[in-house]
Amino acid sequence: MGPDPSNIALPLTELNRAIAMNPRQVQALSLRGKLRLQQHDLNDAVSDLELAHSIDPASASATYNLARAYFALGKAEEATALSKQLASSGADAVNELSNQKLKSVLGLHSHD
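This structure is a prediction, so every number in the text was calculated from the model and none was measured. (Residues numbered from 1 in each chain as written. Predicted model: local features only at pLDDT ≥ 70, side-chain atom pairs only at ≥ 80, totals over all residues. Heavy atoms only, no water.)

**A few points about the packing of helix α2 (residues 26–38) against helix α3 (residues 42–55)**
Here's step 1: Between α2 and α3, whose axes approach to 8 Å, the crossing angle comes to 155 degrees. Taken together, α2 and α3 sit at an angle that is classed as roughly antiparallel. Crossing handedness for the pair α2 and α3: left-handed. Of the residues in α3, those touching α2 at Val 26, Leu 29, Ser 30, Arg 32, Gly 33, Lys 34, Arg 36 and Leu 37 are Leu 42, Asp 44, Ala 45, Asp 48, Leu 49, Leu 51, Ala 52 and Ile 55.
Here's step 2: Residue composition of the contact of α2 with α3, by class: nine nonpolar, two polar and five charged. (Axes fitted to C-alpha atoms, helices over the stretch in contact; angles between N-to-C directions. Helix = DSSP H or I, 4+ residues; strand = E, 2+ residues; numbered from the N terminus. Parallel < 35°, antiparallel > 145°, perpendicular 65-115°, else oblique. Left-handed = near helix turned anticlockwise from the far one by under 90°. Contact = heavy atoms within 4.5 Å. Nonpolar A, V, L, I, M, F, W, Y, C, P; charged D, E, K, R; others polar.)

**Regarding the side chain of Asn 65**
Here's step 1: Relative to the helices and strands, Asn 65 is located in helix α4 (residues 60–72).
Here's step 2: A polar side-chain atom of Asn 65 sits 3.0 Å from the main-chain carbonyl oxygen of Ser 61.
Here's step 3: Within polar-contact distance, the side chain of Asn 65 engages the side chain of Arg 68 at 3.1 Å.
Here's step 4: Apart from the residues within four sequence positions on either side, Asn 65 is in contact with Ser 30, Lys 34, Leu 37 and Leu 49. (Polar contact = N/O pair within 3.5 Å; in protein donor to acceptor, adjacent residues only side chain to side chain.)

This is the structure:
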């Protein structure tokens, strides 16, 4: 079951507004690309994520989501190259997210 479209419409509107005011805002582009990816709007997702990645190649979020978009489009070579870039940069945020997902799947909840 995919995300509820009504839960994405409002954030997209806000992101569109933010990007209209500052077209090179990496976080907004990356998040909009991620939401578009969730909606299976692959071409627009890739456009946002490629721009975000070109502005800030060190953005783990932009790189990670662009790799996901490339995989979804069947561009395995590009996706693999980005994944290797993330791994070599020591992208702790992505590793942390993966660890959280793994713990969640295994039913291990951290009690910080």
